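Below are the chains, spelled out letter by letter.
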Amino acid sequence: MSNTQALPLLESDAPEAVAPCCPPLTERPFTAEEAETAARMFKALGDPVRLRLFSAVASHEGGEACVCDISDVGVSQPTVSHHLKKLKEAGLLTSERRGTWVYYRVEPSVLTAMGKLLTSGMSVAGSP
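Thresholds, definitions, all that
- Residues numbered from 1 in each chain as written.
- Predicted model: local features only at pLDDT ≥ 70, side-chain atom pairs only at ≥ 80, totals over all residues.
- Heavy atoms only, no water.
- Helix = DSSP H or I, 4+ residues; strand = E, 2+ residues; numbered from the N terminus.
- Buried < 20%, exposed > 50% of the residue type's maximum accessible area, 1.4 Å probe, protein only.
- Contact = heavy atoms within 4.5 Å.
- Areas by Shrake-Rupley, 256 points an atom, 1.4 Å probe, with all protein chains shown as cover.
- Core = buried A, V, L, I, M, F, W, Y, C linked by side-chain atoms within 4.5 Å.
- Pairing = 2+ DSSP bridges.
- Disulfide = S-S within 2.5 Å.
- Salt bridge = Lys/Arg side-chain N within 4 Å of Asp/Glu carboxyl O.

Caption draft 1: Representation of the overall build of the protein chain within the structure. Secondary structure summary: the protein chain contains 5 helices and 3 strands in total. The N-to-C order of helical and strand elements in the protein chain reads α-α-β-α-α-β-β-α. Burial statistics for the protein chain: of 128 residues in total, 30% are counted as buried. Put simply, 60% of the contacts in the protein chain that link residues at least 6 apart link residues at least 24 apart. When the accessible area of the protein chain is evaluated, it comes to approximately 8700 Å², of which 57% is carbon and sulfur surface.

Structural data, given as C-alpha cells:
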C-alpha cells in the first residue's frame, strides 16, 4: 500500500506574486511607474545568462524548476544565485524553499503581461 497522496494546488496570494505592469506599447504612453517596471523587466532579461535561466524555469515541466535542475548555464553556482535573485527582484520569478532546495516559478501573469506589453494592433511590414 502506498502512502503517497496528491496535494492540492495553491493559489498564488504571495506578496511577491506579480501583477501585470503595463498596457500594450501602442495603447497609450506609459506612466513613469509603468516605464520603471517595464525597464526593470527588460533589463533583467537583457543578460544572456538570466534569459537562459528564465527560459529554463518557464519551459520546465510543471511550470517550476529546482535550482538544482537549471544551474548548468556555464557559470558558477554563486553567479546562478545572483542572476536568479535579479530575476526575482525584477518581478519575473517567485521562489519557494523546500528543504535544502529552492524552487522557482514564472507566474502566469508575468508571461501574460509581457505578451500583452509587446502585442500591438499594428501589422508588421510584409504581413497581412
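Caption draft 2: Quick look at the nonpolar core. Among the nonpolar cores identified, the biggest contains 25 residues, and Leu-53, Phe-54, Leu-84, Leu-87, Leu-92 and Leu-93 are the most heavily contacted of them. Among the elements of the structure, helix H1 (32-45), helix H2 (48-59), helix H3 (67-70), helix H4 (77-89), strand E3 (101-105) and helix H5 (108-118) are those that each provide at least two residues to this core. Not counting residues up to four positions away in its chain, the partners in contact with Leu-53 are Ile-70, Val-73, Val-80, His-83, Leu-84 and Leu-87.

Caption draft 3: Expanded view of the pairing of E3. The alternating pattern of E3 places Val-102 and Tyr-104 on a buried face and Trp-101, Tyr-103 and Arg-105 on a face that is not buried. Pairing of strand E1 (residues 64-66) with E3 involves 3 bridges; the strand directions are antiparallel. Its bridge partner being in E3, Cys-66 is matched across the sheet by Tyr-103. Inspection of the sheet shows strand E2 (residues 94-98) paired to E3 by 5 bridges, in the antiparallel sense. Across the sheet, Arg-98 pairs through a bridge with Trp-101, a residue of E3. Remark: 2 residues form the turn of the hairpin made by E2 and E3, two consecutive strands paired antiparallel; Gly-99 in that turn has positive phi of roughly 65°.

Caption draft 4: A look at the state of the cysteines. For the structure on display, the rule yields 1 disulfide. Between the sulfur atoms of Cys-66 and its disulfide mate Cys-68 the distance is 2.5 Å. Because the torsion about its S-S bond is 125°, the bridge between Cys-66 and Cys-68 counts as right-handed. For Cys-66, a relative accessible area of 1% puts it in the buried group. Residue class for Cys-68 comes out partly exposed when judged on its relative accessible area of 39%.

Caption draft 5: The arrangement of the pattern of salt bridges in detail. A full pass over the atoms with the stated rule returns 6 salt bridges. Note that Glu-64 and Arg-98 form a salt bridge whose closest N and O atoms lie 2.9 Å from each other. Note that Glu-64 is positioned in strand E1 and Arg-98 in strand E2, a separation of 34 residues in sequence. The partly exposed category is assigned to Arg-98, whose relative accessible area is 33%. Glu-96 is paired through a salt bridge with Arg-98; the nearest N and O atoms lie 3.3 Å apart. Connected via shared salt-bridge partners are Glu-64, Glu-96, Arg-98 and Arg-105.

That's the geometry; what it means functionally is another story.
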